[in-house]
Each structure stands twice: as C-alpha cells, then as structure tokens.
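# Overview (structure and organization)
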Amino acid sequence: MAESAELTLNGQSYTLPVIEGTEHEKAFDISKLRDQTGYITLDPGYKNTGACKSAITFLNGEEGILRYRGYPIEQLAEKSSFIEVAYLLIYGKLPTQDELTNFSNQITQHTLVHEDVRKIFDGFPTAAHPMAILSSLICSLTAFYPESVAPDLSKEEIDLTVIRLMAKISTIAAWTYKNNMGHPLNYPRNDLDYCSNFLYMMFSFPTEKYEINPIVVQALNKLLILHADHEQNCSTSTVRLVGSANASLYGSVSAGINALWGPLHGGANQEVVEMLESIQRDGGDTQKWIDKAKDKDDSFRLMGFGHRVYKNFDPRATIIKKAADDVLKALGLEDSPLLKIAKELEQAALTDEYFVQRKLYPNVDFYSGIIYKAIGIPTEMFTVMFALGRLPGWIAQWKEMRTNKEPIGRPRQIYVGETERDYVTIDQRTA
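Rules used throughout
- Residues numbered from 1 in each chain as written.
- Predicted model: local features only at pLDDT ≥ 70, side-chain atom pairs only at ≥ 80, totals over all residues.
- Heavy atoms only, no water.
- 1 Å grid on protein atoms, 1.4 Å probe; cavity = no way out; pocket = protein on both sides within 12 Å on 5 of 7 lines; lining within 4 Å.
- Points joined across faces, edges and corners; volume = space filled by probe spheres on them.
- Helix = DSSP H or I, 4+ residues; strand = E, 2+ residues; numbered from the N terminus.
- Nonpolar A, V, L, I, M, F, W, Y, C, P; charged D, E, K, R; others polar.
- Buried < 20%, exposed > 50% of the residue type's maximum accessible area, 1.4 Å probe, protein only.
- Polar contact = N/O pair within 3.5 Å; in protein donor to acceptor, adjacent residues only side chain to side chain.
- Expected span 1.5 Å × (residues − 1).
- Salt bridge = Lys/Arg side-chain N within 4 Å of Asp/Glu carboxyl O.
- Pairing = 2+ DSSP bridges.

### A few points about empty space enclosed by the protein
Applying the stated criterion across every chain, the model contains two cavities of 30 Å³ or more. The space that makes up the largest cavity amounts to roughly 100 Å³. Forming the walls of the largest cavity are Ile83, Ser104, Ile107, Thr108, Thr111, Ser170, Arg189, Leu192, Asp193, Tyr194 and Asn197. At three residues, the largest contribution of residues to the lining of the largest cavity is made by helix α4 (residues 97-109). The computed volume of the second largest cavity comes to approximately 60 Å³. As for the second largest cavity, its lining consists of Ala324, Asp325, Leu328, Leu339, Ala342, Lys343, Glu346, Phe366, Tyr367 and Ile370. Sorting the residues of the lining of the second largest cavity by element identifies α14 (315-330), α15 (337-351) and α17 (364-374) as the ones contributing at least two each. Residue composition of the lining of the second largest cavity, by class: seven nonpolar, no polar and three charged.

Right, dumping it as structure tokens:
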C-alpha cells in the first residue's frame, strides 16, 4: 500500500501522497494542495521544498555523499576528465571512447567566437568585473545564434547549442581576464585539450612560448569536476526557473551566472584568499585570528570552513586537498607566507576541539581558492572559474527541465501589506 499523510483542516481530512526517490528521500506531494484546500505552504528560501524530480545529482549532506548520475564524486575526480564528466551530466551516461572523442572534437571546433565579440569587449571598461562581462557575453550569444531562442528546438539543435556553449564559455572566460589585465587576447588552439587550452588562453603571451604544466592541468580538471553540479542550489534553481519560461539555454545560463555572482553563493573561495591576505597583512599571527573566530562577541569568522549542506565533511575537500599540495609543490610555493597561514588554520580546524565539535572542517572553497591563487588566477576571477565548472550541471538541469516538460515556475506568497483603502488626492495627503 502506497504511503501517504493525512492533513486535517477545519475538521476535514486531506490525503497527501508520499513520493520516494531512488535513494529513499521522501516528500509530501502538495501539488494539489491549493486546489483542494485553498491553502499554500510558506517556506522562506525553499529550504524544505522540492521544486522538481531530478536524475542528475544525489547529495546527502549528513553522510558526506555526492554522486553524479549515480557515480561517486571520488571515482570521477580520480579517473575522469572534466569533458567526460560534462558528457555524463548532460547525456546521462559515461561516454564510449568514440562518443567522448566526438564530443571533445566538436567542442574544440567551436571554441572560436565571432569577431564581433571582440568589439563588445572594447565596450567594457578594463575595470569591469569579469562576472559582469561573462554574463553579458553568454547572453549575447542569443544574438549571434538567434535560432537558439526557438521554444521547440530539435534534439540536434539543442546538441549544437550545448556544444557551442561548452566551447565558447572557456574562450570568453579567458578573454575577460585578458581584457581586465589589458593584455592581447589569445585565440584558442585546436591541438590542446579543454583545460590546457583554457590555461593557454589565460596566461600565454605572443612574445614567448607558454609551457603547460601537466600537474596544474590535472588540478584544474579536478576542480571543474568537483564544481560541475550540486543539485538544486541557488544558481541551478535559477537556470531551471528561467528555463521554465522557455527561455533559451544561453539566457538561462546567463541568469545562473548572475545568481552565482552573489557573494552568498559563488564567492566563498574568493573570501578565503582575502581572509588569508588580511591575516598576512596583520602580521601573520594565526592564533590571534583563531581566538577571534572562537569569540562569540567578535564578528570575525573563518571563511572556507564548514558547509551549510555537508554536516560532517565535504567529500570534495578530501579530493582537492591532495591536488592543492601537488600544485604548490610543483610550483615551488610550499614555503609561501600565505600557504603557511592556510596550513596553520587547517591544522587548527582539524585538531582544535572548538572546531571539531562544531564540524568546522576545511571545505572545497578553502582549497580551491589556494589553488587558483597559486596558478595565478586573480581573486575577482574565482567566481568565473566556478561558473566554468558549473556549466555542465546547468546545461543538464536545463535539458532535464525541458525534456520533462515542467510547467513555468510560479511561486506563491503570503501577502502582509495594507488591506483595501481608498485613493487620496495629492492635495489631501499628509506627511
């Protein structure tokens, strides 16, 4: 017998079906609640509301579990490339060698952007935030590919839009950095893999040969994999909500980028590095700042420790910690003052009873910020890197929402304003 719940209102009972997912998560189905009762639910921030059924990502914060399409994040980070994981998220299965080669080659062939995009770059001031440029230019792709806005795209047309977006975001992201630095823009190279090509466009100069460090490439692959999806977070829900209006993939992802730009969402790893630099400027006394973090009357808090979803540990942090150590060693930065501060904070979080009891462990943002800083990516570009990694998840979520023919998003509200009142002419109003 199917499980259900009974709701009693004013002496009348209503049956609420119970929905169970494949990982035994349960929900009350309230989709007919307003029609049957006239009531709605109030859930600020949607913390207890499931907006969709999804087969993309499973996250269990209590147990520290993250899986893409059923595959543990630990296995994917160890064995896959970012492009392979992107294929998995977008198409629902791990690709064969032929499928992966074809997918990768198609992306490579579309990394060039229209030359008019360079003219748009000229319109941005050099001080423009990279996320402002990224969101604007991703949305502008609807102008270069106007067919993408059609609400009834064929599978082949959607696949081409996906390929174009995966390809061009890396070029646009690298160019935002070059524009900010006042450097000449680098065109992509078809002989390089996705991550190597991005690093080349970011850091090479026409005046000298650029050597690609394989350890940095490997670390970047892992970072992008770890950020590729995280179920229904703020930016992902934004992509789905905008997409539910039949908005194009480019427009929906542009909206997701703007949601990610918010400091409460995508800016955590930037805040980590800014915190480390602040401690360094103060003289590098980490114990002073650890004591401040423990003081309930002090507003200071350690950035990059604990997680609002993961209650015991962040499974991504364990993976990226080793990558951080490898990158710092490969670049000869093991003895940098900033890293010394980071290591002392990490040690305190892992051993100090105050942090252990409160589960304030280092999370993925703590280590990713250190890696990005080490390889030369400026802090204002950190959120762009987050967007680059999160793109396959956004695409997968947009595609799933379209495939499932989900209705347009339309949240309800509880009105708490004035009740009906008569209009007063301006000469009769008082201050």
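### Focus: the side chain of arginine 240
Turning to its location among the elements, arginine 240 is positioned in helix α10 (residues 234-243). Its relative accessible area of 6% is what places arginine 240 among the buried residues. Of the polar contacts made by the side chain of arginine 240, one reaches the side chain of glutamate 400; its length is 2.9 Å.

### Here we look at helix α9 (residues 214-226)
Quick reminder: α-helices carry 3.6 residues per turn. Residues three or four places apart thus point the same way. In this model α9 runs 18 Å from its N-terminal to its C-terminal C-alpha over 13 residues, within 8% of the 18 Å that 1.5 Å per residue would give. Judged by how many residues are buried, α9 sits mostly within the fold: ten of 13 residues are covered. Among all positions in α9, only Val216, Val217, Ala219, Leu220, Asn221, Lys222, Leu223, Leu224, Ile225 and Leu226 are buried. The opening residue of α9 is asparagine 213, an N-cap whose side-chain oxygen sits 2.9 Å from the backbone nitrogen of isoleucine 215.

### Topic: the pattern of salt bridges
Counted by the stated rule, this structure contains 21 salt bridges. Glutamate 277 serves as the salt-bridge partner of lysine 373, at 2.9 Å between the closest nitrogen and oxygen. You can see lysine 373 sitting in helix α17 and its partner glutamate 277 sitting in helix α12 (residues 268-281), a full 96 residues away along the chain. Under the relative-accessibility criterion, lysine 373 is labelled partly exposed at 36%.

### Focus on the pairing of strand β4 (residues 57-60)
Two strands pair when backbone bridges link them, and β4 and strand β5 (residues 65-68) are joined in this way by four bridges, in the antiparallel orientation. Directly across from threonine 57, in β5, lies its bridge partner tyrosine 68. Counting the residues between successive antiparallel strands, the hairpin from β4 to β5 contains four residues, one of them, glycine 64, with a positive phi of roughly 70°.

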